[in-house]
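Single-letter residue listing:
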Amino acid sequence: MRRPLASTILELAASVAATRRPGLSLAVRRLELNLPFECNVVRRADSFDFVGDVPRWRWPTAFDPLLGRLQLILEEIAE
Amino acid sequence: MNGQDPGLPIEQFIQALTAQLDRVQSAMAMKARAGLPLTFAVKDLRLDLRAHVDMVNSIVLIRPAAPGEQEASTLHLDITTITRPMIEENTREAQTSGEPSLKQVLGPTLSEDEQRRLEWIGVQSVSQLQQLHSESGEAAIERAADIPVNRLRLALERSSQPFVTHVEQMPPDQTAPDGSMLLRIRGANLLRDMPPLVHIDNQPVTVVSASPRELVVAPMTLPATGTVSVQTAPGVAGLRNFQLGPRLQSSLAPPSGAEVMQ
């Protein structure tokens, strides 16, 4: 089951936020990602969901959807 | 969406994508408000999507590529955040709110495809069509929307005729000076150069106030159902069947009751 695009992005952002630890003097302020990406649109009862997720496997097979690419820039929300 | 699926109209495709991005921004904003120490916002997003682009009449369809479809196109989508002033600057003024849609007024005068092509050039309401006509002329619309001139003329003519969308009884505290009940008639093109002539079931009624989008009339009697006719010029009138509800708000008879006579 592939995740909706929002869930994937939120998970990526949360993983960066989780890098901050007490006592650590470095902090990530900006993150640029460039990933192979799998996208599709799934029909729901009365709407459509844009599904976007990282590839299922490291080595795609002929049965896997063609991969696109996601370039994402996340920036820290200033206080 | 699989290989047999015809695809999704591009508007719905973009809506599905932006709905996800809105979800991301909302979730991140909530985290920030909750006081979490480090939260991020999506600054820029670029998506290279392997998909097939197809056209059925005037509808552009997008279908993500299925496995093995190496010949699929690549769509590059660049999405960035914009500020509220930028949204307002790029959004048409809400001057058309409450106005009947182009489809309502034109009915079958223009095909779905032709109406869609008008939307492509930014025409979504009758007032926009009339404004574009007065500013750019018939030939420009014909070229830009690829609509045959005779059909465009017909649509322009129809778009300038009176069109009634609602008939409703006004609240009891808003009555005529003699205390009689008032009816509000809403629609488009209800006022031209001369005061409109309004009839209910072929009986003339007094017009208390008039604007292009709304008339207030004082009928001698208030029928529960009937037909209202608004004549704005000799031989140019809009008709609408109506049914007043038991309370203040009324509802119209089915749209089949609407017609324009000339």
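Note that this is a predicted model, so its numbers are computed, not measured.

Draft legend 1. Representation of the overall build of chain A within the structure. Helices and strands together make up the secondary structure of chain A, namely one helix and three strands. The secondary structure elements of chain A, listed N-terminal to C-terminal, are α-β-β-β. The buried share among the 79 residues of chain A stands at 37%. Taking contacts inside chain A between residues at least 6 apart in sequence as the whole, the part at least 24 apart equals 61%.

Draft legend 2. Fine view of the overall build of chain B. Helix and strand counts for chain B stand at seven helices and 13 strands. Counting every position in chain B, which comprises 262 residues, the buried fraction comes to 39%.

Draft legend 3. The interface of chain A and chain B, seen in detail. Across the contact, 39 residues belong to chain A and 38 residues belong to chain B. Here chain A packs against chain B, burying approximately 3,300 Å² in sum over the two surfaces, 66% of which is carbon and sulfur. The three residues of chain A that bury the most area against chain B are Phe50, Leu66 and Ile77 of chain A, which together make up 20% of that side's buried surface. Here chain A is connected to chain B by zero salt bridges. Inspection of the region where chain A meets chain B yields nine residue pairs in polar contact (both at pLDDT 80 or more).

Draft legend 4. Seen up close, helix 4 (residues 112–120) of chain B. All names here are of chain B. All buried positions along helix 4 are accounted for by Glu114, Gln115, Arg117 and Leu118. Angularly, the buried residues of helix 4 cover 155° about the axis, an arc narrow enough to put them on a single face. Along its buried surface, helix 4 packs onto helix 3 (102–106), helix 5 (126–136), helix 6 (138–145) and helix 7 (149–159). Count one or two residues on from helix 4 and you reach glycine 122, which has phi positive near 90°.

Draft legend 5. Structural view of a nonpolar patch on the surface. A contiguous nonpolar patch, built from Met55, Trp120 and Ile121 of chain B and spanning about 310 Å² of accessible area, is present on the exposed surface. Counting through the fold element by element, isoleucine 121 of chain B comes out in the loop between helix 4 and helix 5.

Draft legend 6. Up close: the layout of surface pockets. Residue and element names in this part refer to chain B. Of the volumes computed, that of the largest pocket is approximately 340 Å³. Around the largest pocket, the lining comprises twelve residues; the ones closest to its centre are Asp22, Gln25, Thr80, Thr81 and Ile82. Elements supplying a minimum of two residues to the lining of the largest pocket: helix 1 (10–33), strand 2 (40–56) and strand 4 (73–80). Counting residues per element, the lining of the largest pocket draws most heavily on helix 1, which supplies four residues.

Draft legend 7. Spotlight on the pattern of salt bridges. For the coordinates displayed, the defined rule picks out 17 salt bridges over all chains. With a shortest N-O distance of 2.9 Å, arginine 116 of chain B and glutamate 11 of chain B are connected by a salt bridge. Highlighted residues: arginine 116 of chain B in helix 4 and glutamate 11 of chain B in helix 1, separated in sequence by 105 residues. Residue glutamate 11 of chain B is classed as partly exposed on the basis of its relative accessible area of 37%. Each of the salt bridges in this network shares a partner with another, and the network as a whole consists of Arg2, Arg3, Glu11, Glu38, Asp53 and Arg56 of chain A.

Draft legend 8. A look at unusual backbone geometry. Residues and elements named next belong to chain B. Of note in the backbone geometry, aspartate 146 takes a positive phi value of approximately 55° without being a glycine. Its place among the elements puts aspartate 146 in the loop between helix 6 and helix 7. Residue classification places aspartate 146 among the exposed residues on the basis of a relative accessible area of 54%.

Draft legend 9. The arrangement of the pairing of strand 2 (residues 48–53) of chain A in detail. Residues and elements named next belong to chain A. Across the six residues that make up strand 2, a large majority, five, are buried. As paired elements, strand 1 (residues 30–43) and strand 2 share six bridges and run antiparallel to each other. Of the residues in strand 2, the one forming a bridge with arginine 43 is phenylalanine 48. The antiparallel hairpin formed by strand 1 and strand 2 contains four residues in its connecting segment.

Draft legend 10. Seen up close, the environment of isoleucine 14 of chain B. Relative to the helices and strands, isoleucine 14 of chain B is located in helix 1. Separated by 48 residues in sequence, isoleucine 14 of chain B and isoleucine 62 of chain B have C-alpha atoms that sit 9.9 Å apart.

Analysis parameters
Residues numbered from 1 in each chain as written. Chains lettered and ligands numbered in written order. Predicted model: local features only at pLDDT ≥ 70, side-chain atom pairs only at ≥ 80, totals over all residues. Heavy atoms only, no water. Helix = DSSP H or I, 4+ residues; strand = E, 2+ residues; numbered from the N terminus. Buried < 20%, exposed > 50% of the residue type's maximum accessible area, 1.4 Å probe, protein only. Contact = heavy atoms within 4.5 Å. Buried area = accessible area lost by both parts, 1.4 Å probe. Salt bridge = Lys/Arg side-chain N within 4 Å of Asp/Glu carboxyl O. Polar contact = N/O pair within 3.5 Å; in protein donor to acceptor, adjacent residues only side chain to side chain. Arc of directions from axis to C-beta. Patch = residues over 30% accessible without salt bridge, like charges linked within 9 Å, V, L, I, M, F, W, Y side chains within 5 Å. Areas by Shrake-Rupley, 256 points an atom, 1.4 Å probe, with all protein chains shown as cover. 1 Å grid on protein atoms, 1.4 Å probe; cavity = no way out; pocket = protein on both sides within 12 Å on 5 of 7 lines; lining within 4 Å. Points joined across faces, edges and corners; volume = space filled by probe spheres on them. Pairing = 2+ DSSP bridges.

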